[in-house]
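Residue strings, one per chain:
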Amino acid sequence: MKKIKNTAELRRAIAEGHHDFRVWLDGCLISRKTITPAARGRFKIVNHIDESVQRLTARQLRTHSIIGDAMRAGAFMVEETGQD
């Protein structure tokens, strides 16, 4: 697992083909997200806990989403497959 600290790192991970991300919540719970690019530089986020879909700008992602809080706390991760 690799920490994603900001939206630039998130865009890089998506460009490398990663779409499955995790937010580590208190109590060792995980909130799974699928994140892909959307129109006009936005992110399309599927929240697997309730199958809701959001389309957010980078700013909205940082300020109006649990993802922004998780990035700041070091709790937003991408699984890097094929790594030793």
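Asks: Looking at this structure, I do not really get a positive patch on the surface. What am I missing?
Replies: A surface patch of like charges, here positive, comprises Lys2, Lys3, Lys5 and Arg12. Relative accessible area serves as the criterion here: at 43%, Lys3 is assigned to the partly exposed category.

Asks: In this structure, what is going on with helix H3 (residues 66–73)? I would like to understand it.
Replies: Side chains of residues three or four places apart in an α-helix project in the same direction, reflecting 3.6 residues per turn. Listed as buried for H3 are Ile67, Gly68, Ala70 and Met71. Take H3 and look down its axis: the buried residues cluster within an arc of 165°, on one side only. When the buried face of H3 is taken as reference, the exposed residues oriented beyond 90 degrees from it are Arg72 and Ala73. The elements touched by buried residues of H3 are helix H1 (7–15), strand S2 (20–25), strand S3 (29–37), strand S4 (43–47), helix H2 (58–63) and strand S6 (76–78). The opening residue of H3, the one whose side-chain oxygen lies 3.0 Å from the backbone nitrogen of Ile67, is Ser65.

Asks: Just to check I follow, could you spell out the pairing of strand S5 (residues 52–56) for this structure?
Replies: The two faces of the sheet receive side chains in turn, since in a regular strand these alternate between them. Direction of pairing for S4 relative to S5: antiparallel, over a ladder of five bridges. Note that in S5 the partner of Ile45 across the bridge is Gln54. The loop that links S4 with its antiparallel partner S5 comprises four residues; one of these, Glu51, has a positive phi angle of about 60°.

Asks: For this particular structure, what's the right way to read the pattern of salt bridges?
Replies: Side chains that differ in sign of charge can pair as their charged atoms come close. According to the stated counting rule, one finds two salt bridges in the structure shown. A salt bridge links Arg22 to Glu79, with the shortest nitrogen-to-oxygen separation between them at 3.5 Å. Residue Arg22 is found in strand S2, and its partner Glu79 is found in the segment after S6; the two are separated by 57 residues along the sequence. For Arg22, a relative accessible area of 18% translates into the label buried. Ionic pairing is found between Arg72 and Asp69, a salt bridge with its closest N-O pair at 2.7 Å. Taken together, the positions of Arg72 and Asp69, both in helix H3 and three residues apart, correspond to about one turn of that helix. Take Asp69: its relative accessible area is 47%, and that puts it in the partly exposed class.

What counts as what
Each chain carries its own residue numbering, running from 1 in the written order of its sequence. Only residues with pLDDT of at least 70 are given local features in this predicted model, and only at 80 or more are side-chain atom pairs given and counted; all residues enter the totals for whole chains, interfaces and linings. Only hydrogens and water are set aside; all other atoms, that is, all heavy atoms of the structure, feed into the side-chain values. Like charges within 9 Å and nonpolar side chains (Val, Leu, Ile, Met, Phe, Trp, Tyr) within 5 Å are joined into patches, using only residues over 30% in relative accessible area that form no salt bridge. In short, Shrake-Rupley with a 1.4 Å probe defines the accessible areas, and a residue's cover is counted only from the protein chains shown. When a carboxyl oxygen of Asp or Glu lies within 4 Å of a side-chain nitrogen of Lys or Arg, that pair is called a salt bridge. For the purpose of counting charges, residues Lys and Arg are taken to be positive, whereas Asp and Glu are taken to be negative. His and the chain ends are not included. The location of each charge is read from NZ of Lys, CZ of Arg, CG of Asp or CD of Glu. Only protein chains enter the accessibility calculation, which uses a 1.4 Å probe. A residue is then buried if its area is under 20% of the maximum for its type, exposed if over 50%, and partly exposed in between. By the criteria applied, helices consist of DSSP H or I runs no shorter than four residues and strands consist of E runs no shorter than two, each listed in order from the N terminus. Throughout, the arc means that of the directions going from the helix axis to the C-beta atoms. Whether two residues are in contact is decided by their heavy atoms: any pair within 4.5 Å suffices. Polar contacts here mean pairs of N or O atoms no more than 3.5 Å apart (in protein, one a potential hydrogen donor and the other a potential acceptor; neighbouring residues in sequence count only if both atoms are side-chain atoms). DSSP calls a pair of strands paired once it identifies at least 2 bridges connecting them.

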